[in-house]
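Analysis of the macromolecular model
Here is how the chains run, residue by residue.
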Amino acid sequence: TITVEKTAEENELAGKRIALVMQFNTGTFSAQYVQGVKSQVEKLGGEVQVFASDNDLAKMSSNLDAAVNQHFDGILLDHGTAQALQAGVQKAIDAKIPVVSFDSDLKVPDVTVLEQGDQQMAEMSLNKLAEDIGNKGNIVKIWVAGFAPMERRQLAYKAFMEAHPDIKEVAAFGTVSNNTALDIQAQMDAVLKQYPNKGDIAAVWASYDEFAKGAARAIQAAGRDEIKIYGIDLSDEDLTMLQDPKNPWVASAAVDPTDIGRIQVRYLYQKLHGDTTEDKIVLEPVFVSRDQLPSEPVTTETLSEHVPGWGGSEQGYTDWLKELEQ
Ligand code: SR1
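Before going into details, it helps to say that this report is about the structure given with it. Keep in mind that what you see is a predicted model, and the values were worked out from it rather than measured. (Residues numbered from 1 in each chain as written. Predicted model: local features only at pLDDT ≥ 70, side-chain atom pairs only at ≥ 80, totals over all residues. Heavy atoms only, no water.)

Here we come to the overall build of the protein. A tally of helices and strands in the protein yields eleven helices and twelve strands. Rg of the C-alpha trace for the protein: 21 Å, near the compact-globule value of 20 Å for 326 residues, within the 12% margin. Judged by the C-alpha coordinates and their principal axes, the protein covers about 75 × 40 × 30 Å. Within the protein, the proportion of its 326 residues that are buried is 56%. (Helix = DSSP H or I, 4+ residues; strand = E, 2+ residues; numbered from the N terminus. Rg over C-alpha atoms; globule rule 2.2 N^0.38 Å. Buried < 20%, exposed > 50% of the residue type's maximum accessible area, 1.4 Å probe, protein only.)

Here's what the structure looks like:
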């Protein structure tokens, strides 16, 4: 008989039940983020249950309560507002259930909040837009209020517009629904009809990949290939669009969404282990434009071969976490 000695960490952290409470789980960014969460938890020997809230903050709040009442070992939050989550998060903390949040505006002691470098992503995409249109022309802004990452991106947009007086915003819209890309496509189509001539619109700034997808479909359908899109986020589907020379979406600033999920889990496990983690973790974005990409298909798994700094982040790892994975 071979007896395998388990380390203290293995005994303590094996078989954890992790709840992932999401404000919305539609779109390819969310799908790859969930994939990252699940793969990291499974590597550490645990299991994940996703609580989807269909972009309904009241439902998210009751999902969080359910996760606490069902005594999950750890809770991951994705989006949501402090107003909707604060009370439930406090219940979790009081019940000694650690919480790590991504993209919420929560400020609760003991809760670590992850965010992407949102202002930096907005600056990266807007600077490329300005460069490509020669710092002048009419632009369309696709953005929505009420989400923590959007509010941060807006700060950079405001500063950018102030610094570029010859760039004019002629239309601004945005909505998050259960079919965001389709809704945005309809809205972009209406804007194209309002500005029907070549030169009326120089470029589109899309602050979320589902926005870029909808805008791209409308621009292609209208045959307005003079209008280019500068976006935020990068999933496998987004990369296919960026690589297609006929697609108007030419550049995007992003953090690998799978990495975000993995990193969030690592911080949760640090908390489960009793480690002290920072209140706020900011993930470094990367800028990707079509001219950096090869002609053969790339995925978010292989993109690092062409774009330095993409993916494969070691953030949140500790030596004992790596050992536990083995
Ligand atoms: C409506 S908020 C959408 C954003 O959440 C994540 O931060 C992604 O980057 C996406 O753009």
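Another aspect to go through is the packing of aromatic side chains. Evaluation of the coordinates by the stated rule reveals seven aromatic pairs. Considering the side-chain rings of Phe24 and Tyr208, the 6.4 Å spacing of their centres and the 55° angle between planes classify their relative orientation as tilted. Of this pair, Phe24 sits in the loop between β1 (17-22) and α2 (28-43) while Tyr208 sits in the loop between β8 (203-206) and α8 (209-221), placing them 184 residues apart in sequence. With respect to burial, Phe24 and Tyr208 carry one shared label: buried. For the ring pair Phe29 and Phe102, a centre distance of 6.4 Å and an interplane angle of 25° mean the geometry is stacked. Of this pair, Phe29 sits in helix α2 while Phe102 is found in strand β4 (residues 99-102), placing the two residues 73 residues apart along the sequence. Assigned by exposure class, Phe29 and Phe102 land together as buried. Taken together through their ring pairs, the aromatic side chains of Phe24, Phe147, Tyr208 and Phe211 make up a single cluster. Between the NZ or CZ atom of Arg17 and the centre of the ring of Phe72, over which it lies, the distance is 4.2 Å. (Phe/Tyr/Trp six-rings, centres within 6.5 Å; stacked < 30°, edge-to-face > 60°. Lys NZ or Arg CZ within 6 Å of the ring centre and 35° of its normal.)

Attention shifts here to the sheet that holds β1. Spatially, the six strands line up as an open sheet ordered β2-β1-β3-β4-β5-β11, and their pairing is parallel. Each edge of the open sheet is held by one strand with a lone partner, namely β2 (47-52) and β11 (280-283). Averaged over all pairs of adjacent strands, the angle between strand axes in this sheet comes to 20°, irrespective of strand direction. As paired strands, β4 and strand β5 (residues 112-116) are joined by three bridges and run parallel to one another. Bridged to Val100 within β5 is Thr112. (Pairing = 2+ DSSP bridges. Axes fitted to C-alpha atoms, helices over the stretch in contact; angles between N-to-C directions.)

Our next topic: unusual backbone geometry. One non-glycine residue with positive phi stands out, namely Asp103, at about 60°. Residue classification places Asp103 among the buried positions, given a relative accessible area of 2%. We note that Asp110 has phi near 85°; this positive angle belongs to a residue other than glycine. In this structure, Asp110 sits in the loop between β4 and β5. According to the relative accessible area criterion, Asp110 is exposed, its value standing at 52%.

Counting 40 residues, the largest nonpolar core has Val140, Ile142, Met188, Val204, Phe211, Ile229 and Leu303 as its most contacted members. Secondary-structure elements contributing two or more residues to this core are β6 (137-142), β7 (167-173), α7 (180-194), β8, α8, α9 (236-243), β10 (249-254) and β12 (286-289). Here the element with the most residues in this core is α8; it accounts for six residues. Not counting the four nearest positions on each side in its chain, Phe211 is found in contact with Ile142, Trp143, Val144, Met150, Gly174, Thr175, Val176, Thr180, Ile184 and Ala206. (Core = buried A, V, L, I, M, F, W, Y, C linked by side-chain atoms within 4.5 Å. Contact = heavy atoms within 4.5 Å.)

On to the site of the ligand. Close to the ligand lie Phe29, His79, Asp103, Gln116, Phe147, Pro149, Arg153, Val176, Ser207, Tyr208 and Asp233, which account for all nearby residues. A distance of 2.8 Å separates an oxygen atom of the ligand from a polar atom in the side chain of Arg153. Protein contact buries 100% of the 320 Å² of open area that the ligand shows by itself. A breakdown of the residues in the shell around the ligand according to their chemical character gives five nonpolar, three polar and three charged. (Near = heavy atom within 4 Å. Polar contact = N/O pair within 3.5 Å; in protein donor to acceptor, adjacent residues only side chain to side chain. Areas by Shrake-Rupley, 256 points an atom, 1.4 Å probe, with all protein chains shown as cover. Nonpolar A, V, L, I, M, F, W, Y, C, P; charged D, E, K, R; others polar.)

Before going further, it helps to spend a moment on helix α3 (residues 57-69). In this model α3 runs 18 Å from its N-terminal to its C-terminal C-alpha over 13 residues, within 8% of the 18 Å that 1.5 Å per residue would give. For α3, every residue scored as buried is listed here: Met60, Asn63, Leu64, Ala66, Ala67 and Val68. Sitting at the head of α3, Asp56 places a side-chain oxygen 3.0 Å from the backbone nitrogen of Ala58. Just beyond α3, the residue with positive phi is His71, at close to 55°. (Expected span 1.5 Å × (residues − 1).)

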